[in-house]
Amino acid sequence: MDKNSAALYKKMQGEVDSYQNLQKACVKVVKQRALLESQLNENKCVMDELNLLGPDNKVYKLFGPVLVKQELEDSRQNVGKRIEYISKELKSSTDTLEGMEKDMLKHREAVAKYQQQLQVAAAMK
């Protein structure tokens, strides 16, 4: 392998490494996103249940080993804020994932370009 081919191979290997690192990070974000989606669904179910309750019903919240009485409206507000926060986190993780996918595409294209250059260099020998 001549110097030019070795340099191309080194550049290609760097792109492959970057691509693999992005894939690993992408897997982590997807797992985090799945967890957020399950939390969002759970909180939406809780909100639906709270909305079924009337003003005469009692709501309790678990604090450690103790059930503490909580006002219905406070419970609704807390769950609503939680849903809002989780939704923002989901949007953020979606944006992060889209950015990572764009970066991965750039690295894939660079790897393809270097592979093509290596093939041309090998054919010229």
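Going by an unreviewed UniProt entry, the chain carries the name Probable prefoldin subunit 6 and comes from Drosophila rubida. In UniProt, the chain has this text filed under Sequence similarities (unreviewed entry): "Belongs to the prefoldin subunit beta family."

Caption draft 1: Layout of the overall build of the chain. In terms of helices and strands, the chain carries two helices and two strands. Written out in order from the N terminus, the α and β elements of the chain read α-β-β-α. Scaling as 2.2 N^0.38, a compact globule of 125 residues should have a C-alpha radius of gyration of about 14 Å, whereas the chain reaches 26 Å, well beyond that. Considered along the principal axes of its C-alpha atoms, the chain spans approximately 85 × 25 × 15 Å. Out of the 125 residues in the chain, the part that is buried amounts to 26%.

Caption draft 2: Representation of the nonpolar core in the model. In terms of nonpolar packing, the biggest core is built from 10 residues, these being Leu-36, Leu-40, Met-47, Leu-50, Val-59, Leu-72, Val-79, Ile-83, Ile-86 and Leu-90. Elements with a contribution of two residues or more to this core: α1 (3–52) and α2 (72–124). The residues touching Leu-36, leaving out its near neighbours within four places in the chain, are Ile-86, Glu-89, Leu-90 and Ser-93.

Caption draft 3: Main features of the pairing of strand β2 (residues 66–70). Sheet topology places strand β1 (residues 59–63) next to β2; five bridges connect them, and they run antiparallel. Across the sheet, residue Tyr-60 finds its bridge partner in β2, namely Lys-69. Two successive antiparallel strands, β1 and β2, enclose a turn made up of two residues, where Gly-64 displays a positive phi of approximately 65°.

Caption draft 4: Just the environment of Val-79, in detail. Of note, Val-79 is situated in helix α2. Measuring from C-alpha to C-alpha, the distance between Val-79 and Val-46 comes to 7.5 Å, with 33 residues separating the pair along the chain. The contacts of Val-79, once residues within four sequence positions are left out, are Asn-43, Val-46, Met-47 and Leu-50.

Caption draft 5: Quick peek at the packing of α1 against α2. Contact pair α1 / α2: the axes reach a minimum separation of 7 Å and the direction vectors enclose 160°. The angle between the axes of α1 and α2 places the two elements in the roughly antiparallel class. Here α1 runs over α2; the crossing is left-handed. Per-class residue counts for the contact of α1 with α2 are 28 nonpolar, 15 polar and 10 charged.

Caption draft 6: Here's a closer look at a nonpolar patch on the surface. Residues Tyr-60, Leu-62 and Leu-67 make up a contiguous nonpolar surface patch of roughly 350 Å² in combined accessible area. Tracing the backbone through its elements, the reader meets Leu-62 in strand β1.

Caption draft 7: View of the side chain of Ser-93. By the element assignment, Ser-93 lies in helix α2. Reaching out from Ser-93, the side chain makes a polar contact with the backbone oxygen of Leu-90 at a distance of 2.9 Å.

Caption draft 8: Region of the structure containing the side chain of His-107. Mapped onto the elements of the fold, His-107 is located in helix α2. You can call His-107 buried: its relative accessible area is 19%. Polar contacts involving the side chain of His-107 include one to the side chain of Glu-15, which spans 2.5 Å. Residues contacting His-107, with those up to four places away along its chain left out, are Glu-15, Ser-18, Tyr-19 and Leu-22.

Conventions adopted
- Residues numbered from 1 in each chain as written.
- Predicted model: local features only at pLDDT ≥ 70, side-chain atom pairs only at ≥ 80, totals over all residues.
- Heavy atoms only, no water.
- UniProt positions renumbered as here; feature names shortened; annotations may be inferred.
- Helix = DSSP H or I, 4+ residues; strand = E, 2+ residues; numbered from the N terminus.
- Rg over C-alpha atoms; globule rule 2.2 N^0.38 Å.
- Buried < 20%, exposed > 50% of the residue type's maximum accessible area, 1.4 Å probe, protein only.
- Core = buried A, V, L, I, M, F, W, Y, C linked by side-chain atoms within 4.5 Å.
- Contact = heavy atoms within 4.5 Å.
- Pairing = 2+ DSSP bridges.
- Axes fitted to C-alpha atoms, helices over the stretch in contact; angles between N-to-C directions.
- Parallel < 35°, antiparallel > 145°, perpendicular 65-115°, else oblique.
- Left-handed = near helix turned anticlockwise from the far one by under 90°.
- Nonpolar A, V, L, I, M, F, W, Y, C, P; charged D, E, K, R; others polar.
- Patch = residues over 30% accessible without salt bridge, like charges linked within 9 Å, V, L, I, M, F, W, Y side chains within 5 Å.
- Areas by Shrake-Rupley, 256 points an atom, 1.4 Å probe, with all protein chains shown as cover.
- Salt bridge = Lys/Arg side-chain N within 4 Å of Asp/Glu carboxyl O.
- Polar contact = N/O pair within 3.5 Å; in protein donor to acceptor, adjacent residues only side chain to side chain.

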